[in-house]
Amino acid sequence: MNDTIAGKPNIPTGAPRTPGQDPKTQAEQANVEEQLGRLREDVSALSEAVRSLATHGAEDVKRQASALRDDVRQRGEAYLQQAQDAASDLEEEMSERIRSEPIKSVLIAAGIGYLYARIFR
């Protein structure tokens, strides 16, 4: 009789072979497990590297934001000081003009008041 049935080899009926018992299959399985272990280690190392980059990147962004905040604060304080100085200078100049020409100053103030009243009635 033919040893194969429909193209499949005839396995002896004594001891059925399972894939885990075949030395070649066991070697392949060990190789796959070893590769999976290496892959797990690589993924772990990669995730640690990404975590480290994110941490350092966040720290760099914090430092840059802090430096920018300080720069904006310093510029704002400088502009405020300039505005205060300009207002103070204008106040001093107007005081000097009013003292030097009081009648002219009163007439100008009255004229501005009249125009203001006419416009916003």
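Reading the values: rules and limits
Residues numbered from 1 in each chain as written. Predicted model: local features only at pLDDT ≥ 70, side-chain atom pairs only at ≥ 80, totals over all residues. Heavy atoms only, no water. Helix = DSSP H or I, 4+ residues; strand = E, 2+ residues; numbered from the N terminus. Buried < 20%, exposed > 50% of the residue type's maximum accessible area, 1.4 Å probe, protein only. Areas by Shrake-Rupley, 256 points an atom, 1.4 Å probe, with all protein chains shown as cover. Patch = residues over 30% accessible without salt bridge, like charges linked within 9 Å, V, L, I, M, F, W, Y side chains within 5 Å. Salt bridge = Lys/Arg side-chain N within 4 Å of Asp/Glu carboxyl O. Lys, Arg positive; Asp, Glu negative; His and termini not counted. Charge placed at Lys NZ, Arg CZ, Asp CG, Glu CD. Expected span 1.5 Å × (residues − 1). Phe/Tyr/Trp six-rings, centres within 6.5 Å; stacked < 30°, edge-to-face > 60°. pLDDT = per-residue confidence, 0-100. Contact = heavy atoms within 4.5 Å.

Another aspect to go through is the overall build of the protein. A tally of helices and strands in the protein yields 2 helices and 2 strands. Overall, the protein shows an N-to-C arrangement of helices and strands of β-β-α-α. Across the 121 residues that make up the protein, the buried fraction comes to 1%. Here the protein has roughly 11,400 Å² of accessible surface; of this, 59% comes from carbon and sulfur atoms.

The subject of this paragraph is a negative patch on the surface. On the surface, Asp85, Asp89, Glu91, Glu92, Glu93 and Glu96 cluster together into a patch of negative charge. Take Glu96: it is sitting in helix 1 (residues 23-100).

The subject of this paragraph is a nonpolar patch on the surface. A grouping of Tyr114, Leu115, Tyr116, Ile119 and Phe120 is seen on the molecular surface, where their side chains present a nonpolar patch of about 650 Å² in accessible area. Structurally, Tyr114 is set in helix 2 (residues 102-119).

What follows is about helix 2. Taking 1.5 Å per residue as the helical rise, helix 2 with its 18 residues ought to reach 26 Å, and the 26 Å between its terminal C-alpha atoms agrees with that figure. Taken across its 18 residues, helix 2 has 1 buried, putting it largely on the surface.

A word on the packing of aromatic side chains. Within the structure shown, the criterion is met by 1 aromatic pair. Seen in terms of ring centroids, Tyr116 and Phe120 are 4.8 Å apart; in terms of plane orientation they differ by 50 degrees. Their pairing is tilted. By relative accessible area, Phe120 is classed as exposed at 60%.

Bringing the pattern of salt bridges into the picture now. Pairing between side chains of opposite charge can happen when their charged atoms approach one another. For the coordinates displayed, the defined rule picks out 7 salt bridges. Across the salt bridge formed by Glu101 and Lys104, the nearest N and O atoms sit 3.5 Å from each other. Here the residues in one salt-bridge network are Arg69, Asp70 and Arg73, joined through shared partners.

A few words now on the confidence of the model for the protein. Across the protein, the average pLDDT comes to 82, with 83% of residues at 70 or higher. Per-element confidence in the protein ranges from a low mean pLDDT of 48 for strand 1 (residues 4-5) to a high of 92 for helix 2. In the model, residues 1-6 has pLDDT below 50 throughout and makes 4 contacts with residues more than four positions away in sequence or in other chains.

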